[in-house]
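Single-letter residue listing:
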Amino acid sequence: MVWSRCRRPRPSRPVLSYNVAALLRAAPGTSRSYPVDVPDLPIAEDLHLAAPIEGEVRLARTGRSILATADLSTAIEAHCNRCLRRVVAPVEVRIEEEALPSIDIDSGQPVDPRAEPDVLRLDANHELDLVQPVRDAISLAEPIVVLCRPDCRGLCPVCGSDLNDNPDHAHAEEEVDPRLAALADWRAEPDND
Ligand SMILES: [Zn+2]
Ligand SMILES: [Zn+2]
């Protein structure tokens, strides 16, 4: 990825929003693809993106709906579970979301949403908004265990200093937890090497 690339002027329309009025009038099976390049998107209070969201959204007309499929990649800011350093964790998500109209494309009449209250709906202008599905997918894709590197040494259990910076870091014996001291004695026995 080239970070110094020129900033292209962004279209003023909202990101991850697609007008599907024409697609609703097309024959079932018709599909369209759109490249995705979203510089940033608020995800959650404690979850921030560290890279643009890139990939592709495919919208397909089914007999009754629009089926949205997206393969997206980005990266999130996280903290190493051992040493708490800030790390960037790559994230890939796949979204499959069916969206039903809220206005009948032929008659212009509102569609009663009560039959399927939980399904994603197009708005009255036949706009499909994928922001929330993308947010949800990125939130769920957050890695459970994040390490800055596989052999991260973590923090000193006595004083909390970063053992990656000070591999030879040690405390005088009297400071050491008696349980750790017992282990140190055991390691010191020549037969135990
Ligand atoms: Zn670490
Ligand atoms: Zn220490």
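Here is a short report on the structure shown in this document. These figures come from a predicted structure and were not determined experimentally.

## What to know about the sheet that holds strand β2 (residues 31-38)
- Spatially, the five strands line up as an open sheet ordered β2-β3-β4-β5-β6, and their pairing is mixed. Bordering the open sheet on either side are β2 and β6 (120-121), each of which pairs with just one other strand.
- Examined bridge by bridge, strand β3 (residues 53-61) and strand β4 (residues 66-79) share eight bridges and lie antiparallel to one another. Each bridged residue has a counterpart across the sheet, and for Glu 54 the counterpart in β4 is Ser 73.
- Contacts between helix α2 (residues 131-140) and the sheet are confined to β3, β4, β5 (86-100) and β6, with β5 contributing the most and set at about 135 degrees to the helix.

## So, the packing of aromatic side chains
- If you walk through the whole model with that rule in mind, you get one aromatic pair.
- With 5.1 Å between their ring centres and 40 degrees between their planes, Tyr 18 and Tyr 34 make a pair best called tilted. One end of the pair, Tyr 18, is in strand β1 (residues 17-19); the other, Tyr 34, is in strand β2, and 16 residues separate them in sequence.

## Observations concerning the coordination of the zinc ion (ligand 1)
- The zinc ion (ligand 1) binds to the protein through Cys 80 (SG), Cys 83 (SG), Cys 148 (SG) and Cys 152 (SG), with metal-donor distances spanning 2.3 Å.
- Read in sequence order, the donor residues for the zinc ion (ligand 1) give the motif C-x2-C-x64-C-x3-C.

## Quick look at the side chain of Ser 65
- As for its position among the elements, Ser 65 is in the loop between β3 and β4.
- Given a relative accessible area of 0%, Ser 65 falls into the buried group.
- Looking at Ser 65, its side chain comes within polar contact range of the side chain of Thr 62, at 2.7 Å.
- In this structure Ser 65 touches Ala 60, Glu 98, Ala 99 and Leu 100, once residues within four positions along its chain are discounted.

Criteria and cut-off values
Residues numbered from 1 in each chain as written. Chains lettered and ligands numbered in written order. Predicted model: local features only at pLDDT ≥ 70, side-chain atom pairs only at ≥ 80, totals over all residues. Heavy atoms only, no water. Pairing = 2+ DSSP bridges. Helix = DSSP H or I, 4+ residues; strand = E, 2+ residues; numbered from the N terminus. Contact = heavy atoms within 4.5 Å. Axes fitted to C-alpha atoms, helices over the stretch in contact; angles between N-to-C directions. Phe/Tyr/Trp six-rings, centres within 6.5 Å; stacked < 30°, edge-to-face > 60°. Donors = N, O, S within 2.8 Å, 3.2 Å for Na, K, Ca; no water. Buried < 20%, exposed > 50% of the residue type's maximum accessible area, 1.4 Å probe, protein only. Polar contact = N/O pair within 3.5 Å; in protein donor to acceptor, adjacent residues only side chain to side chain.

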